[in-house]
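Structural features, examined
If you want the building blocks of each chain, they are given just below.
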Amino acid sequence: MEDPLDLLCADIAVEWKLLDAAAAARGDALPPEARRRVEEEADRLVGEAGGDVELALARRGVARDLCASLPPQRAHEVKRVRAPLRRLHAERYTGFLPLGEGGMGVVYLALDTELNRKVAFKMIRSGGEPLEDTPRDTSQEAEARFLQEAWVTGGLEHPGIVPVYELGRTPSGTPYYTMRVIRGDRTLRDAMRDARGAADRLALLEPFLRICDVVAYAHSRGGGHRDLKPANVALGPFGEVVVLDWGLAKVRDLPEREGSWESRIAALRADVGLETVAGGLGTPGYMAPEALLGEPGEIDERVDIYSLGAILFEILAGGLPIPVRNVAAYVAKVKEGVREVPGAPAGLADVCLRALATEPGDRFQDVRELAAAVRAWQAESAVEREVRALGDEAEEALRGAGSMEGDAVLRQLDRVVAFAARMAELRPGIPEVDDLRRRANAVREPAKAQEGRPVGRGTAGGVAGGPEAELAPPGAPRLDGGVALGGARGAVRPVISARHALEELPAALEALGARQTVGKLVVEP
C-alpha cells in the first residue's frame, strides 16, 4: 500500500467498520457502494488539506491496528498513529459541579476517585448530565475540534497552560478530557472591568507580559492560539496567569478543517452579505484582518500578535480598538486599521499600534519582540520616574535653602548638586540639570560670604592666608615666613571648616545612594 490515497481510504474503511485492519492492509476490495462512500470521504479530507494527501493523513492519523498490520517499512513512514480513546469507567469521577461552558464544551468540577483529587472535567455538549447514557448530539467537526484542543493543550507544557491529565470517552461515547483545576474565578476581563484609573490599567501590563510569554512558547512549539482575548486568560490569587481555550489552535504543517471557526462570524456574513469573507477565525474585536477577511492559508502566528495588540489597546484605553456595534462599520474599520491609542503614553502607544498593523508584515514578527518592546518601555518609564523624583527632591532642597542661613544653606545646596549629578547620570544632557546647578550656584555665593563660613579655602575670618594659615595652630611659622593668627578666632575657624566638610559629606553621599570610605572614617547612610 504505497499510495497514500489508498492508505487514507483503508483507514476510513477501518473506522467505519467496513473492513478489519488486516483486510484493509492487504487491500481487500469493498462493495461498489461502500467504496463510493469511502472515496467521497477521502476526497473531502484531501480537499480540506488543499489537495495534499500526505497532509490529510497527517491531520487525521492512521488507526493503530491498521498501522500494526502494514509492512514495517510503510508503517514507519506513517506520521501519526491514531490511538482509540478508552471508555471511562462510570465510577471513576463523581461529584460533578458545573464550572463553566463555551460554544463547544462544558466544564465540571469533579473528584477523581482513583487519585483522590479535584479535576476539571471537560466534555462536548451532549444535552444531558455528565455521565448519563444520552445520545450523542455532536458533529464530526465538533469532535475533531474538541480532540484537537485536548491534543494541543496536552502537548504544551508551560506554567501558563493548564496540563491535561486524561483523554477518553464517556460511557455514551462523548469525548472528554480532564485537567488541573484553576483556583479562583477571575479573568483578565474582570481585572480590566475593575480598573479605576491609569495606574490600575498599567499594572495589568504584568499579566499581559505573562500572556506574551505563554504564546511565545506555544509558537516555538509550532502552535498558535488564534482566539486570544481577556476572557480566555485566568488570573490566580497568587499571581498565576493561565491562557485557556486552545480549541481554535493551529498546529504548524497540519491542514485546517473548515466549519467551526466560520460559525464565529456567521452573524457578520448574514447581516451584511460579505462575499469577500472566506471565513472568520477568533472573536470579533480581537481578530486580525486576515483572519476576518482572508483565506485560511494566509493565517499564521501573526494573528496572535494582532490579538495581543487588541488586548494591550484595551488595557491602555479601556475599550476595544474597533468596537463591534454596527457590523458593516466594524468590517470597514478593520480594513482601515487603528490610528491612535487614546490616553496611552506615547512610547507604549507606538508599540500597541505596531502590533495592530493591518498588514501582517508591518507588525512585530515574533511575540518576543512585542514583549521586549513593552518591557523596554517599562524600564524607560522607571528611569523617567526616578529622574522626576530626583528633580522634585532638588527643588525641595532649593526651597529649603531659602529659609536657612550660613552652613545650613550650603548643606542644602550640596544636596541639590548631588541630585542633579544623579539626574545627569540617568539622563545625560537634560536641561533641568544645568538649570538646577545654575540656581544652586546663584544661592551659594551669597551664603558663602556670610559670617561663619570662609569666603574661600584660603581665608580665615577675612584675613588673607593660604590653607596652611587656616589649619596651622596659633603662633606656628607660615611657609612665607610669617606667623599664623593666634587667639580664639584663628584657632576655631579651621575646626568649623573641617566640621562642615564632614557634616556635608553624609548628606551628599546619601543623595547619591553611595557608600564611601574617607581615610579611616566609613560613611554609610
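Calculation rules
Residues numbered from 1 in each chain as written. Predicted model: local features only at pLDDT ≥ 70, side-chain atom pairs only at ≥ 80, totals over all residues. Heavy atoms only, no water. Helix = DSSP H or I, 4+ residues; strand = E, 2+ residues; numbered from the N terminus. Buried < 20%, exposed > 50% of the residue type's maximum accessible area, 1.4 Å probe, protein only. Contact = heavy atoms within 4.5 Å. Areas by Shrake-Rupley, 256 points an atom, 1.4 Å probe, with all protein chains shown as cover. Phe/Tyr/Trp six-rings, centres within 6.5 Å; stacked < 30°, edge-to-face > 60°. Pairing = 2+ DSSP bridges. Axes fitted to C-alpha atoms, helices over the stretch in contact; angles between N-to-C directions. Core = buried A, V, L, I, M, F, W, Y, C linked by side-chain atoms within 4.5 Å.

Turning our eyes to something else, we now look at the overall build of the protein chain. A tally of regular secondary structure across the protein chain gives 20 helices and 16 strands. Out of the 525 residues in the protein chain, the part that is buried amounts to 46%. Pairs at least 24 residues apart make up 58% of the contacts formed inside the protein chain by residues separated by at least 6 positions. About 26,400 Å² of surface is accessible on the protein chain, with carbon and sulfur atoms providing 53% of the total.

This brings us to the packing of aromatic side chains. Applying the stated rule across the entire model yields six aromatic pairs. Relative to Phe121, the ring of Tyr93 lies with its centre 5.4 Å away and its plane at 65°, an arrangement referred to as edge-to-face. One end of the pair, Tyr93, is in strand E3 (residues 93-101); the other, Phe121, is in strand E5 (residues 117-124), with 28 residues separating them in the sequence. Phe121 carries the same exposure label as Tyr93, and that label is buried.

To continue, consider the pairing of strand E7 (residues 175-179). Among the five residues that make up E7, five are buried, leaving the element largely enclosed by the rest of the structure. Residues Pro175, Tyr177 and Met179 point to one face of E7 and Tyr176 and Thr178 to the other, with burial holding for every one of them. Sheet analysis places strand E6 (residues 164-169) next to E7, joined by five bridges and oriented antiparallel. Considered in E7, the bridge of Arg169 is made with Pro175.

A few words on the sheet that holds strand E8 (residues 186-187). Strand-to-strand pairing in sheets goes through backbone hydrogen bonds, with the strands running parallel or antiparallel. An order of E8-E10-E11 is seen for the three strands of this open sheet, with the pairing classed as antiparallel. Two strands lie at the open edges of the sheet, namely E8 and strand E11 (241-243), each paired on one side alone. Where strand E10 (residues 233-235) meets E11, three bridges bridge the pair, whose relative direction is antiparallel. Residue pairing in the sheet places Val233 in a bridge with Val243 of E11. Strands E10 and E11 of the sheet are contacted by helix H10 (residues 205-220), whose axis makes an angle of about 45° with E11.

This brings us to the nonpolar core. Core analysis: the largest hydrophobic core is formed by 60 residues, its most contacted members being Leu188, Phe208, Leu370 and Val374. If near-sequence neighbours (up to four positions away) are discounted, Leu370 is found in contact with Phe208, Cys212, Leu308, Val351, Ala355 and Phe364. If you look at the next biggest cluster of nonpolar residues, it comprises 29 residues, including Ala24, Leu45, Val53 and Leu57.

Strand order in the open sheet formed by five strands is E3-E4-E5-E7-E6, with antiparallel pairing between adjacent strands. Among the strands making up the open sheet, the edge pair consists of E3 and E6. Across the sheet, the axes of successive neighbouring strands diverge by a mean angle of 25°, strand direction being ignored. Where E5 and E7 come together, four bridges link them in antiparallel fashion. Residue pairing for E7: Lys122 is matched across the bridge by Tyr177.

The analysis is restricted to geometry; functional conclusions fall outside its scope.
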